[in-house]
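# Summary of structural features
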Amino acid sequence: MRAYNFSAGPAILPEEVLKQAQAELLDYQGTGMSIMEMSHRGKEYSAVHDETIANIKELLSIPEGYSVLFLTGGASTQFAMIPMNLLGKEQVADYTNSGAWASKAIKEAKLLGKVNVAADCGKEIPTRVPRLDELKTTPGAAYLHITSNETISGAQWKVFPENDCLIADMSSDILSKPLDVSQFGLIYAGAQKNLGPAGITLVIMKDELAERCPETVPTMLRYKTHIEENSLYNTVPTFPVYILCLVTRWLKARGGLAGMQAINEAKAGKLYDAIDASGFYKGTAVRECRSDMNITWRLPSEELEAKFIAEASKQNLKTLKGHRSVGGIRASIYNAFPAEGVDALISFMKEFEARNG
Ligand SMILES: *Cc1c(COP(=O)(O)O)cnc(C)c1O
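Counting from 1, residues in each chain are numbered in the order their sequence is written. Two thresholds apply to this predicted model, a pLDDT of at least 70 for residue-level local features and 80 or more for giving and counting side-chain atom pairs, whereas whole-chain, interface and lining totals are computed over all residues. Hydrogens and water are ignored here; the side-chain numbers use all heavy atoms of the structure.

It is worth spelling out the site of the ligand at this point. When at least one non-hydrogen atom of a residue lies within 4 Å of a molecule or strand, that residue is treated as near it. Taken together, 13 residues form the shell around the ligand, and within it Ser-76, Thr-151, Asp-169, Gln-192 and Lys-193 come nearest. With respect to the ligand, the side chain of Lys-193 contributes an N or O atom lying 2.7 Å from an oxygen atom. The method behind every accessible area is Shrake-Rupley, applied with a 1.4 Å probe, and residues are considered shielded solely by the protein chains displayed. Contact with the protein chains hides 86% of the accessible area of the ligand, taken as 390 Å² for the molecule alone. Looking at which element gives the most residues to the shell around the ligand, the answer is helix H3 (residues 74-86), with 4 residues. Considering only residue class, the shell around the ligand consists of 3 nonpolar, 8 polar and 2 charged. Polar contact is defined as a pair of N or O atoms within 3.5 Å, subject to the rule that within protein one atom must be able to donate a hydrogen and the other to accept it, and that residues adjacent in sequence are counted only when both atoms are side-chain atoms. The way it works is that DSSP assigns letters per residue, a run of H or I at least four long becomes a helix, a run of E at least two long becomes a strand, and they are numbered from the N terminus. In the scheme used here, Gly and all other residues not listed as nonpolar or charged are polar, with Ala, Val, Leu, Ile, Met, Phe, Trp, Tyr, Cys and Pro taken as nonpolar and Asp, Glu, Lys and Arg as charged.

Now for the sheet that holds strand E12 (residues 294-298). We call two strands paired when DSSP finds no fewer than two bridges between them. Taken together, 3 strands build an open sheet; the order of strands is E11-E12-E14 and the sheet is antiparallel. Edge positions in the sheet fall to strand E11 (282-283) and strand E14 (329-332), since each of these pairs with one other strand and no more. Contacts: residue pairs with any heavy atoms within 4.5 Å of one another. To obtain each axis, a line is fitted to C-alpha atoms, and for helices this fit is confined to the stretch in contact; angles are then taken between N-to-C directions over 0 to 180 degrees. Each of E11, E12 and E14 touches helix H7 (residues 256-278); the most contacted strand, E12, lies at about 5 degrees to it.

Per the domain assignment, the segments making up the protein are domain 1 (4-12 + 256-356) and domain 2 (26-253). Between the C-alpha centres of domain 1 and domain 2 the distance comes to 27 Å. Residue-level contacts link 28 residues of domain 1 with 27 residues of domain 2. A quick way to say it: buried area is the sum, across both parts, of accessible area lost when two parts are put together, with a 1.4 Å probe. For the pair domain 1 and domain 2, the two sides together bury roughly 2200 Å², of which 59% comes from carbon and sulfur. Throughout this description, the term salt bridge denotes a Lys or Arg side-chain nitrogen within 4 Å of a carboxyl oxygen of Asp or Glu. The tally of links from domain 1 across to domain 2 stands at 0 salt bridges. At the boundary of domain 1 with domain 2, the tally comes to 15 residue pairs in polar contact (both at pLDDT 80 or more). No other element matches the 6 residues that H7 contributes to the side of domain 1 that touches domain 2. Note that the domain bounds reflect an automated or database-derived domain assignment.

Strands sit in the order E2-E10-E9-E8-E5-E3-E4 across an open sheet of 7 strands; the sheet is mixed. Strands at the two margins of the open sheet, each flanked by one partner only, are strand E2 (66-71) and strand E4 (114-120). Strand after strand, the sheet turns through a mean of 20 degrees between neighbouring axes, direction not considered. Relative to the sheet, helix H2 (residues 43-59) contacts E2 and strand E10 (201-206), its axis offset from that of E2 by approximately 130 degrees. Its contacts with the sheet place H3 against E2, strand E3 (92-97), strand E5 (144-147), strand E8 (166-169), strand E9 (186-190) and E10, and it is angled at close to 155 degrees to E9.

Patch definition: residues with relative accessible area over 30% and no salt bridge; like charges joined within 9 Å; nonpolar side chains (Val, Leu, Ile, Met, Phe, Trp, Tyr) joined within 5 Å. Where nonpolar side chains cluster on the molecular surface, the patch consists of Leu-25, Leu-26 and Met-36 and spans about 310 Å² of accessible area. Topologically, Leu-26 is positioned in the loop between helix H1 (15-23) and H2.

Printed below as a string of structure tokens:
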């Protein structure tokens, strides 16, 4: 039996995708080889690589002048690559602090250049992202960095700030809804939340930005290298890209990102309604900033939270424990998480409250 897996990442993948990967695992399209065993420059893998890029461009309506890259080192390496490539010696980079992931990005950028924290609500509880009217950006800044969805606290930007070079860590909400890519200079996301398996990081960037890179940056850490080589400068993690390819096909078959947005809002809306209706459960994020991907809440005591998590697990509702740094409950309901699983969780919550409330 498949679990209702609420893990924040690596996270649930669509069952159809896993089944297709299983069916093709030993013999990819009559070649007698697994896609994992083939050259990253051969015809079979090349077709997968190019289709994945094309599907992402189509799903997000990415305008001309942007590249789609598959990099390694996780979103965490982007925390460093961005200032290495884009932050000039005499410049300042603006960052917003909205919590755990944003502060890691800030910490890394400070190792490499001058940073201005344009708004700081990183330690506030209940948790939120900055309001547009509180941003204090620097004239002439290299860029403004935001974290579109704080995976740990469950706070999400709903409207993005306007900026000449807006950069977003979208690790936990990329492809969850339509996006105007032209608003951004660069978007990045570790694959293991809402895209595919761990091992690749998706970067979508305006090509012209790659020209800013100083000559001293090592080859593998230059965006320009990967733009020029179509992410094939070295051996790309072929299997994660293949799974991502299947995920993008699955998204297209479900009505693209507008279709996903409707499904995601319905799933999250039901769960927040259940939290708000109870009085026993308390949402962690400020209402206007509530994430559609990572829903976080508390129970009246840590003892009850531990009991809730243990009993839920027995009912096939798995990995609901909040991040170790903050505790509480976290239900990550990414694209691949089925609506029936949300219904099952809500039934369990009502029943648990009736027994313990
Ligand atoms: C998980 C996560 C990261 C870190 O990703 P890695 O691929 O493990 O480096 C960064 N930012 C956000 C928002 C995340 O959710």
